[in-house]
Amino acid sequence: MRDYVAYNSQMWDAWNEERNPWTRPLTTEQFQRAKEGPIEIILTPMKTVPLSWFSGAGRDVLGLASGGGQQGPVMAARGYRVAILDNAMRQLQSERMVAERERYPMLALQADMTQPFPFKDESFDLIIHPVANCYIEDLQPTWNECYRVLRHGGFMMAGWANPIIYMFDDGALENRDVPLVARHKLPYNGRKEVEKGAELSQDTGYQFSHTWEAQIGGQLKAGFLLKDFYEDTEPDNHLGDYTSLYAASLAVKL
Ligand SMILES: C[S@@+](CC[C@H](N)C(=O)[O-])C[C@H]1O[C@@H](n2cnc3c(N)ncnc32)[C@H](O)[C@@H]1O
């Protein structure tokens, strides 16, 4: 595991203990509702994934960097077979905790998504990849692995952060009284910033912005075709007054 990946993994363990919004596992009530209602999962902070995105999807689902007990349990409640790959141990523990409590089988694997995935070719029908690739430096190997482990006719749903977020200091994003001043050249590379002397903080860890070319072009380069796309925002973000802050795509492996 690369050093920055190991740092981020420990940081996510700590965030899991603090129960930030991306680490709160489904409750029993939510699991019961998921069994009865339509599929409601998110890839980005606010919008739920359109129901049409699930039509025609087979049963074998990979939750990529989606540990924590959110998307996985919803899919399991709807009868999908779920495997979760995440590199934070506590995020996987939450995932297992829900599975044991609700008595469904699932696979939770600790692995780094920048490395070859521990799965055979064409193992899955659907990949669910919520916002997480801001924690890795180079997207292409990950998109290529997604393509490899997906079956033909399978789908990949992915969310990511609008790179423009990284142009501004967190203080300005979090506080409407602080002017939004462009401070960082894009693509932002947290690892290089730390090497140049920037402070490394457990509040953010190592983060990376990616160009639209790396996000969308990278999926196409891996072999996917894009079927659909939406943008999203998040509450209480100063920049959100001016632009969308997140994006999500549905890609298919023909
Ligand atoms: C924003 S959370 C998304 C998870 C969550 N289930 C949700 O509610 O959408 C990002 C996840 O990416 C994982 N992650 C970060 N870097 C990773 C890497 N290199 N390999 C695998 N997982 C990674 C973190 O551990 C964390 O669980």
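The structure contained in this document is the topic of the report that follows.

Conventions adopted
- Residues numbered from 1 in each chain as written.
- Predicted model: local features only at pLDDT ≥ 70, side-chain atom pairs only at ≥ 80, totals over all residues.
- Near = placed C-beta within 6 Å.
- Helix = DSSP H or I, 4+ residues; strand = E, 2+ residues; numbered from the N terminus.
- Nonpolar A, V, L, I, M, F, W, Y, C, P; charged D, E, K, R; others polar.
- Core = buried A, V, L, I, M, F, W, Y, C linked by C-beta atoms within 7 Å.
- Buried ≥ 20, exposed ≤ 12 C-beta atoms within 10 Å, placed from the backbone.
- Contact = placed C-beta atoms within 7 Å.
- Pairing = 2+ DSSP bridges.
- Axes fitted to C-alpha atoms, helices over the stretch in contact; angles between N-to-C directions.
- Expected span 1.5 Å × (residues − 1).
- Arc of directions from axis to C-beta.
- Right-handed = clockwise from strand over helix to strand, strands pointing away.

Re the site of the ligand
Step number 1: Lining the immediate environment of the ligand, one finds 22 residues, of which Trp12, Ala65, Ala88, Pro130 and Ala132 sit closest.
Step number 2: Of the residues forming the shell around the ligand, the biggest block, 3 residues, is contributed by helix α1 (residues 3-18).
Step number 3: Broken down by class, the residue content of the shell around the ligand amounts to 11 nonpolar, 9 polar and 2 charged.

Digging into the nonpolar core
The tendency in soluble globular proteins is for nonpolar side chains to be buried as a group.
Step number 1: The biggest cluster of nonpolar side chains holds 65 residues, and the ones touching the most others in it are Ile127, Met156 and Met157.
Step number 2: Considering every element that reaches this core, the biggest residue donor is strand β5 (residues 150-161), with 7 residues.
Step number 3: Each residue touching methionine 156, except ones within four places of it in the same chain, is listed here: Ile127, His129, Cys146, Leu150, Phe224 and Ala251.

Some thoughts on the sheet that holds strand β6 (residues 225-232)
Step number 1: Ordered by their spatial adjacency, 7 strands build an open sheet running β3-β2-β1-β4-β5-β7-β6, and the pairing between neighbours is mixed. Each edge of the open sheet carries a strand with a single partner, namely β3 (106-110) and β6. Geometrically, the sheet is characterised by an average inter-axis angle of 15 degrees between neighbouring strands, direction not taken into account.
Step number 2: Pairing of strand β1 (residues 60-64) with strand β2 (residues 81-86), which is carried by 5 bridges, proceeds in the parallel orientation. Bridge pairing links valine 61 to valine 82 in β2.
Step number 3: Of the strands in this sheet, β1, β4 (124-129), β5 and β7 (246-253) touch helix α5 (residues 140-149), which is tilted by about 150 degrees from β5.
Step number 4: Against the sheet, helix α8 (residues 212-222) contacts β5, β6 and β7, and its axis sits at roughly 5 degrees relative to β7.

Quick word on unusual backbone geometry
Step number 1: Leucine 186 connects to proline 187 through a cis peptide bond whose omega is -5 degrees.
Step number 2: Its identity as a non-glycine residue notwithstanding, arginine 19 has a phi of 60 degrees, on the positive side.
Step number 3: On the secondary structure map, arginine 19 appears in the loop between α1 and α2 (28-36).
Step number 4: Positive phi outside glycine occurs at aspartate 236, with the angle close to 60 degrees.
Step number 5: Take aspartate 236: there are 9 C-beta atoms within 10 Å of it, and that puts it in the exposed class.

So, α1
Step number 1: Compared with an ideal rise of 1.5 Å per residue, which puts 16 residues at 22 Å, α1 spans 23 Å between its outermost C-alpha atoms and is within 8% of the ideal.
Step number 2: Taken together, the buried positions of α1 are Tyr4, Asn8, Ser9, Trp12, Trp15 and Asn16. When α1 is viewed along its axis, its buried side chains cluster within an angular range of 140 degrees and face the same direction. Of the exposed residues in α1, those oriented more than 90 degrees away from the buried face are Asp3, Glu17 and Glu18.
Step number 3: Of the surrounding secondary structure, the elements contacted by the buried residues of α1 are α4 (89-102) and α7 (190-195).

Quick look at the pairing of β1
Step number 1: With 4 of 5 residues buried, β1 is to be regarded as a mostly interior element.
Step number 2: What joins β1 to β2 is helix α3 (residues 71-77), and the crossover it makes is right-handed.
Step number 3: Sheet topology places β1 next to β4; 3 bridges connect them, and they run parallel. Bridge assignment links leucine 62 to a residue of β4, and that residue is isoleucine 127.

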